[in-house]
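Here's the letter readout for the chains.
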Amino acid sequence: MNGTIRVGNLFGIPFYIHPSWFLVLGLVTWSYSSGLAAQFPQLSAGLALVLGLMTALMLFASVVAHELGHSFVAIRQGIDVKSITLFIFGGLASLEKESKTPGEAFWVAIAGPMVSLLLCGIVIAIGTTTAASGPLAAILGVLASVNLALALFNLIPGLPLDGGNILKALVWKITGNPYKGVTFASRVGQIFGWVAILSGVLPLLLFGNSGNFWNLLIGFFLLQNAGNSAQFAKVQEKLTGLTAEDAVTHDSPIVSANLTLREFADEQVISGQNWHRFLVTDDDGQLVGAIAIDNLRTIPTALWSETQVKEIMRPITESTTVQSDQPLLEVMQLLEQQKLSVLPVIRENGVLVGILEKAAIIQLLQNRTQPNPA
């Protein structure tokens, strides 16, 4: 997953760490250990380092808890959580699909900040009831502050932050259109991204102060991800209402299982067809397998006239096909997830419709984007 390292499962959810996380862990450990050593001179360097590492790990555990909040609510809605990843800007729970209603989307989005606020309250309560002092009180103060900051930062109303998803759900509820919600929340996210960038660039240009460099990084992060969300929302909206059958390639490479290899070669190969792989159907038009031109090499040319296609074809499983009435958006996501470029399209009774190419979906999107002539 883009260079991430899988470290195990959390409640059955695959858990990944991006290599940049280790750099952040080291910087946070060094920062807090230095702060503790300066605040409490009686601490040895080794103990300050251990406490700094423990603080850093608890902070990242708070980020994981935040993502688990989103995940558990999504799971209750029947949405599979593909993974949780820690990276330089925090954490990300990757969900299989969107919620079905704006209300459900709202609860998935708000769950993370609610967990962070709950943790902040629990830590404050622990510090108050135990009358903690010294380094322990300092660590509890940091944990409470970071969880509060994590909740408030994520409540900024712009994608890809949780507040942006809350805003998306609200606009979806008002307009009845989920894509308008994504577009609006993405634009707000881009505005906050530019504000963050300016807050980092202006002090640097005017006063030579680089103290807000982190704002610059966050700004670029917001701009990039908000822009991607808006672009994907446009694609989703254009594909709404279309099915797999709408993107089937005309004159798909289909041959009968009863053809001899000689007939197959004459009709499809020698005739100048550019296809290298053909789908095979039986007398009822049902998909039974596939044959590639390279498969011909396994049979001596002298036997081509007495060998039928069905004798050397490769079977095709149902997992590598899509139904003709399946939403085209789901098909596109399937192609991306499985890194495929082509899928056979069949009807409910198994009859083959044709092949669906990723390029055909792209062409369909381009055609729907072009303005109609006056």
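It should be emphasised that the depicted structure is a prediction, and the values quoted were computed from it without experimental measurement.

Each value, and the rule that gives it
Residues numbered from 1 in each chain as written. Predicted model: local features only at pLDDT ≥ 70, side-chain atom pairs only at ≥ 80, totals over all residues. Heavy atoms only, no water. Axes fitted to C-alpha atoms, helices over the stretch in contact; angles between N-to-C directions. Helix = DSSP H or I, 4+ residues; strand = E, 2+ residues; numbered from the N terminus. Parallel < 35°, antiparallel > 145°, perpendicular 65-115°, else oblique. Left-handed = near helix turned anticlockwise from the far one by under 90°. Contact = heavy atoms within 4.5 Å. Nonpolar A, V, L, I, M, F, W, Y, C, P; charged D, E, K, R; others polar. 1 Å grid on protein atoms, 1.4 Å probe; cavity = no way out; pocket = protein on both sides within 12 Å on 5 of 7 lines; lining within 4 Å. Points joined across faces, edges and corners; volume = space filled by probe spheres on them. Patch = residues over 30% accessible without salt bridge, like charges linked within 9 Å, V, L, I, M, F, W, Y side chains within 5 Å. Areas by Shrake-Rupley, 256 points an atom, 1.4 Å probe, with all protein chains shown as cover. Salt bridge = Lys/Arg side-chain N within 4 Å of Asp/Glu carboxyl O. Buried < 20%, exposed > 50% of the residue type's maximum accessible area, 1.4 Å probe, protein only. pLDDT = per-residue confidence, 0-100.

Student: Sorry, what's going on with the packing of helix α3 (residues 102–130) against helix α5 (residues 162–175) here?
Tutor: Pairs of packed helices are described in terms of their axes, by the angle between the two and the distance that separates them. Relative orientation of the contacting elements α3 and α5 amounts to 160 degrees, with a least axis distance of 8 Å. Here α5 runs roughly antiparallel to α3, going by the angle between their axes. For α3 against α5, the interelement crossing comes out left-handed. For the pair α3 and α5, the contacting residues are P102, A105, F106, A109, I110 and P113 in the first and D162, N165, I166, A169, W172 and K173 in the second. A breakdown of the residues in the contact of α3 with α5 according to their chemical character gives nine nonpolar, one polar and two charged.

Student: Would you take a moment to explain the layout of surface pockets for this structure?
Tutor: It is the rolling of a water-molecule-sized probe over the atoms that shows where space remains empty. Estimates place the volume of the second largest pocket at around 270 Å³. Lining the second largest pocket are 16 residues, with R277, L279, V342, L343 and P344 sitting closest to its centre. Contributing elements (two or more residues each) for the lining of the second largest pocket: β6 (277–281), β9 (342–346) and β10 (352–357). A class-by-class count of the residues in the lining of the second largest pocket yields ten nonpolar, four polar and two charged.

Student: Got a minute to help me understand a nonpolar patch on the surface in this structure?
Tutor: Together, L198, L202, L205, L206 and F207 make up an exposed nonpolar region whose accessible area comes to about 600 Å². Checked against the element boundaries, L198 lands in helix α6 (residues 178–207). By relative accessible area, L198 is classed as partly exposed at 46%.

Student: Mind showing me how you'd approach the confidence of the model for the protein here?
Tutor: Reading predicted coordinates in detail is not appropriate for stretches of low pLDDT. Per-residue confidence for the protein averages 85 on the pLDDT scale, and 94% of its residues sit at or above 70. Per-residue pLDDT, averaged within each element of the protein, yields its smallest value for helix α11 (residues 358–369) (75) and its largest for α3 (94).

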